[in-house]
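As a plain string of letters, each chain reads:
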Amino acid sequence: MANKFKELDRTAEEKYKKGRISFKVGRFEDALAAYGEAADAWKEMADLLFEKGKETRGTEFLEKAMEAKSCYGMALFKLERYVEALEIVDAALELKPENPTEWSNRGFVLSAMGRNEEALETFEKALAFDPKSPKILTNKGIVYFRMGFLKKAIETFDRALATEPRKASDWACKIPRFSFFSRNKAPVMKPDNAETWYWKGNVLLELGEKEKALNAFKMALESDPDHLNSLLSGGDLLCEFAEYGEAFKCYIRALKLSPENEAAEKGKELCEVKINE
């Protein structure tokens, strides 16, 4: 029993770690399989403990199984299997109706399905349980952006950014006539801010505020230097400003993260041409 228990736990931990890594690099099929195996292993452990009357320990591993299952649902979401993803989220909410993360996940899935009004209501429920969550606020702002409510989107992203203390870099408020990348060796803002700055940049682009948008992408990269979408969007804007050397750096870093990325490859080739003219 003890050996089986240890083997199940080892397998679950390894698969969960593999799922996180695969998800982060965009291998969502691999993430789906890994998270599924982790959830099954922890669920089996929980059942074994419940059979032995060890309710507290069993509950701990059931919680782990539910967390892995939630990640499984988000992998389904990334694979655009929205109906299945929604089923996973709804099942989680039946067990934990006060879980703000699952309400937020539900809102994101609904938005992807084009059910934006329902998504906004769902994010409001999430915020009722966690009113200062930058992630939930960001997700809600993205829905406003998709619906064309740009002012509300900006206001919501600013609320998200205001919820976490952050220290600006030495170039944070400048635009764009020098190095695009921070000189700091480590990020000075929490990585959660990267998505918020990126989406705020998209809204600013939609409003025609290109320099402010570029600064938003800079701030995203200050928070997370490997934020792929900010590298690509920042590179594209730097090309518009004829800052081809800085744009080239963006595309090179993007290609290291995503070697077959067509947008990054095309951008790099354009910069090479312009730099050599």
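The text that follows walks through the structure, step by step, so that each part is easy to find. Bear in mind that the values here come from a model prediction, so they are computed numbers and not experimental data.

About the cut-offs
- Counting restarts for each chain: residues are numbered from 1 in the order of the written sequence.
- Totals for whole chains, interfaces and linings use all residues, but because this is a predicted model, local features are given only for residues with pLDDT of at least 70 and pairs of side-chain atoms are given and counted only at 80 or more.
- Derived side-chain values reflect all non-hydrogen atoms in the structure, with water molecules and hydrogen atoms excluded from consideration.
- The helix and strand labels rest on DSSP assignments: H or I over at least four residues marks a helix, E over at least two residues marks a strand, and numbering proceeds from the N terminus.
- Throughout, a residue-residue contact means that at least one pair of heavy atoms, one from each residue, lies within 4.5 Å.
- Residue types Ala, Val, Leu, Ile, Met, Phe, Trp, Tyr and Cys, when buried and joined through side-chain atoms within 4.5 Å, form a set referred to as a nonpolar core.
- We call a residue buried when its accessible area falls under 20% of the maximum for its residue type, exposed when it is over 50%, and partly exposed in between, using a 1.4 Å probe and counting protein chains only.
- The domain boundaries here were taken from an automatic or database domain assignment.
- Any two rings among Phe, Tyr and Trp, with Trp reduced to its six-membered ring, count as a pair given centres within 6.5 Å; such a pair is stacked if its planes are under 30 degrees apart, edge-to-face if over 60, and tilted if neither.
- Cation placement over rings: the criterion is NZ of Lys or CZ of Arg within 6 Å of the ring centroid and within 35° of the ring normal.

Let us look at the side chain of K200. For K200, the position within the fold is in helix α9 (residues 192–206). Among all residues touching K200, those that are not within four sequence positions of it are I154, F157, D158 and L161.

The next point concerns the nonpolar core. Core analysis: the largest hydrophobic core is formed by 75 residues, its most contacted members being Y16, W42, F61, V203 and Y251. Of the residues forming this core, the biggest block, 11 residues, is contributed by helix α2 (residues 28–51). Split by domain, the residues of this core number at least three in each of domain 1 (1–79) and domain 2 (202–276). The residues touching V203, leaving out its near neighbours within four places in the chain, are F145, L150, A153, I154 and F157.

Taken as a whole, this structure holds 10 aromatic pairs when the rule is applied. Between Y16 and W42, the ring centres sit 5.7 Å apart and the planes meet at 55°, which makes this aromatic pair tilted. Of this pair, Y16 sits in helix α1 (residues 2–24) while W42 sits in helix α2, and the two are 26 residues apart along the sequence. The exposure class of Y16 is buried, given its relative accessible area of 13%. Directly above the ring of Y72 sits K69, whose terminal nitrogen or CZ lies 4.6 Å from the centroid. A cation over an aromatic ring shows up here: K152 above the ring of F149, its NZ or CZ 5.6 Å from the ring centre.

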